[in-house]
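A look at the structure
Chain by chain, the residues:
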Amino acid sequence: MSDHTQAFIQHLQDLQQHNRGAMAILRRSAGFAPGAYPPAFPYVERFVPVDSHAQDSARLALYVTAALYARHPQHGPAQSLAAALGKLMQERQSGSIEQRFVALLAADPEDLPHYLRQIITLVAADGHAINYEALLEDLFRYLHPYQFEARDRIRQRWARDFYRQPSLQEH
Amino acid sequence: MKSYNLLDEPWLPVRYTDGQVREIGLLQLFADAGRIAALAETAPPNLIALYRLLLAITHRALTRQSGSWTVKEMVRYYREGLPAEAIHAYLEHWRERFYVFHPEYPFMQVALLATAEETRNKTKPWTQIALESSNGNAPVLFDHAVDTQPSSMPVSRLICQMLGFLQYTPGGLVKTLRDSDKAGALANTAAVLPLGKTLAQTLCLALHPAKADSAGDLPAWEKAQPQMPALRGEPTLAAGPNDRYTRLSRAILLLADDETGRTVSQIRFAAGLALADDEHAPDTMASYRAGSVGMVRLGFSEGRAIWRDLPSLVPDASGKHALPAAVLGYANVLLEKLGDDDPWLNVMVLGLASDQAKLLRWRVDCFELPQRLLAQPDAGELLRCYLRESEELYASLRKTASIMLAKAMPDPDHKDTRSRARTLFDNGPTAAAYFSTLERRLPELLEILATDQIEQADSYWKASRLEAAEIGWRTVCRQLGDSARALRARAQSESFYLGLIRPLRAHLASPSEETSHV
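All right, on to the pattern of salt bridges then. The final tally for this structure, using the stated rule, is 35 salt bridges over all chains. The residue A:R155 makes a salt bridge to A:D152 at a minimum N-O spacing of 2.9 Å. Here A:D152 and A:R155 lie together in helix α9 (residues 148–170), a separation of 3 residues that amounts to about one turn. Notably, a salt bridge pairs A:R160 with B:E494, separated by 2.9 Å at the nearest N-O pair. With A:R160 in helix α9 and B:E494 in helix α15 (residues 484–509), this pair bridges two chains. Looking at A:R160, the relative accessible area reads 31%, which means it is partly exposed. Under the relative-accessibility criterion, B:E494 is labelled buried at 10%. Salt bridges here are not isolated pairs; linked through shared partners, they connect A:R160, B:R490 and B:E494.

Moving on, we get to the interface of chain A and chain B. When the parts of a complex come together, some accessible area is lost, and that lost area is often taken as the interface size. Contacts between chain A and chain B engage 12 residues on the former and 11 residues on the latter. Here chain A and chain B share an interface that buries about 1100 Å² over both sides, 61% of which is from carbon and sulfur atoms. Here chain A and chain B share 2 salt bridges between them. With a shortest N-O distance of 3.0 Å, A:E98 and B:R488 are connected by a salt bridge. In this assembly, chain A and chain B are joined by 4 residue pairs in polar contact (both at pLDDT 80 or more). Within the residue set of the side of chain A that touches chain B, elements represented by two or more residues are α6 (95–105) and α9 of chain A. For the side of chain A that touches chain B, the leading source of residues is α9(A), giving 7 residues. In the side of chain A that touches chain B, the residues fall into 5 nonpolar, 3 polar and 4 charged.

Structurally, B:S156 can be placed in helix α5 (residues 155–168). Dropping the residues within four chain positions of it, B:S156 is found in contact with B:Y4, B:P10, B:W11 and B:E23.

Here we take up the sheet that holds strand β2 (residues 12–16) of chain B. All names here are of chain B. Spatially, 3 strands are ordered β3-β2-β4 in an open sheet, and the strand pairing comes out antiparallel. Among the strands making up the open sheet, the edge pair consists of β3 (21–24) and β4 (36–39). Shown here is a sheet whose adjacent strand axes are inclined to one another by a mean of 40°, direction ignored.

This next bit is on the pairing of β3(B). Residues and elements named next belong to chain B. Direction of pairing for β2 relative to β3: antiparallel, over a ladder of 4 bridges. Bridging from a neighbouring strand, L12 pairs with I24 of β3. A loop of 4 residues connects β2 with β3, the two strands running antiparallel in sequence, and G19 in this loop sits at a positive phi of about 95°.

Turning to the confidence of the model for chain B, a few remarks are in order. On average, chain B scores 90 in pLDDT, and the residues at 70 or more come to 97%. As a predicted assembly, this complex carries a pTM of 0.82 together with an ipTM value of 0.74.

Take unusual backbone geometry next. What is expected of a backbone is that most residues other than glycine have negative phi and most peptide bonds are trans. Residue and element names in this part refer to chain B. The residue M108 is not glycine, and still its phi comes out positive at about 55°. Relative to the helices and strands, M108 is located in the loop between β5 (99–101) and β6 (124–125). Since its relative accessible area comes to 6%, M108 is described here as buried.

Right, let's get into the side chain of B:R178. All names here are of chain B. Position of R178 among the secondary structure elements: in strand β9 (residues 178–181). Judged by relative accessible area, R178 falls into the buried class, the value being 15%. If we skip the residues at most four places from it in the chain, R178 touches L231, R232, G233, A271, G272 and A274.

Residues and elements named next belong to chain A. The geometry of α6 relative to helix α7 (residues 112–126) is characterised by a closest axis approach of 9 Å and an angle of 155° between their N-to-C directions. Considered as vectors, α6 and α7 are oriented roughly antiparallel to each other. The hand of the α6/α7 crossing is left-handed. Together, I97, R100, F101, A103 and L104 of α6 and L112, Y115, L116, Q118, I119 and L122 of α7 make up the contact between the two elements.

Rules used throughout
- Residues numbered from 1 in each chain as written.
- Chains lettered and ligands numbered in written order.
- Predicted model: local features only at pLDDT ≥ 70, side-chain atom pairs only at ≥ 80, totals over all residues.
- Heavy atoms only, no water.
- Salt bridge = Lys/Arg side-chain N within 4 Å of Asp/Glu carboxyl O.
- Helix = DSSP H or I, 4+ residues; strand = E, 2+ residues; numbered from the N terminus.
- Buried < 20%, exposed > 50% of the residue type's maximum accessible area, 1.4 Å probe, protein only.
- Contact = heavy atoms within 4.5 Å.
- Buried area = accessible area lost by both parts, 1.4 Å probe.
- Polar contact = N/O pair within 3.5 Å; in protein donor to acceptor, adjacent residues only side chain to side chain.
- Nonpolar A, V, L, I, M, F, W, Y, C, P; charged D, E, K, R; others polar.
- Pairing = 2+ DSSP bridges.
- Axes fitted to C-alpha atoms, helices over the stretch in contact; angles between N-to-C directions.
- pLDDT = per-residue confidence, 0-100.
- Parallel < 35°, antiparallel > 145°, perpendicular 65-115°, else oblique.
- Left-handed = near helix turned anticlockwise from the far one by under 90°.

This is the structure we're talking about:
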């Protein structure tokens, strides 16, 4: 993880402990396109790289992550979002979770925040901690409009994380 | 009219050791055999048929000269060249029989067709006896010959094609003299021929030994012309290699276009002297491998390069897995006597594959085999074992990958989906990717086996299989695509694949052998 990523997640964790109003604003920002809700600017914009434009993937990724974190503020380095969701599917024996995940994998970058928000709600309900640093780094590349190969690699990794638990049990 | 004598006319394409390619007659060919690198015919069936013709001539000439010969004499011929005088004397003795247009003894043809009631008024275009030409209702892609407008063909070329045709004609309908006829001696066979540095050496290596009981084994030109009862009769067993090499599996009579006898456009054609199969006396150039029911003759099949059947060419002590071509045994005997001059033997595998009467593909493949593999069954066993391992790994890979492909389709558990996925896999690029990787590494494996470094061979081949599996897996994953379903299928199947290659990886992890993996 880069220092920048760690610093941002640390910043979100600080906000969660000391600034409940900020968390409410970030939660609310999820209802808008990433980076389009002005009240959230004070908490995120200072981490946006200076040379990035409004629709830069680096900027969007920060806003998306902040909104997700605000919804489910439990950071833990042990488990990625996809792995947490895989575990959830196993615990609940629910086919719909897999369908949601498959929809997530098939999502275009612009639709991704929408699917992520739904999924984070599911994970939050069962209280699994998520590695937000890894998620943020993945989003930097996933939301980039032209990095197709990097996007594929991320999707493959997510798929592996998601299915690893069930498939290990099957064999 | 007697014309076009094959002893003098230039018709055999050869390549001299200085690179020059020329067409020459039989007399000059044997005079120059030590300076000729190889025959330069390009169509595989014709090429092997020409070699067989030369072998029959050499065998008969040496028999005529001395009755029999020993390996020691053969070694001398190999080193010093063939006895050209003896062969010339033999050819001169039979000079009359080497005329293409001879009223009574046309070379490798049946004179009777000119007078027989069934054939005297019937002709066919020359394309009938050219395997690569379209004729009758058997069209060939890229050939636009039309039966009603036959072109004329130089005799020199047509003779090569006729010889190839006689060896490789598929069995089937003939409708003249007999309804159908047996296939030629090499039909559907990948024939094996050991190659020397010169034509003379090649002939020494591949020459079938003299046997006391081979007096009845005569080439076609030494026999009487076939008569009607023989043409209509039952198939007969080959009397020996000379008979097989020159069997008139179809009756053909070339008709010269004019008095000069340089070109042919029409021929007469009928059933020939059918060859009966004798499993106790297989063709000297055919190899056999174990099939699901008994031994299977080595041929060319689609999508399968011949090196994968390489173990069929090395001796098998148990006799269960392979029956290598006898001709490799002759070469081995000679090479052993020669000593360690050249521990490598060039082997050419060539032929034509057909399905019923439809010709499918022809191929020429060349290998360099360590002589040790031919001489020592245990080295051959090792090679057989290695190649079997790579086939098994491929079979497992195919199974895992086709399940993965099925998972990416709707209704993955249905058996039709599974079979569709297998077809998809078989038609995809994975087999080519996997086996071509191994093929590139084969020469080095042979080299390691030749020097008897068994442990090194083991680790080398494991590393090779791992590389091939990795490339194969990457290929099938690309084929799978990157849809969400595909990603899911891949994530689910990957653990199986990792299980497949785990033994190969574990082996590489040990530091002493890490260097062998590139």
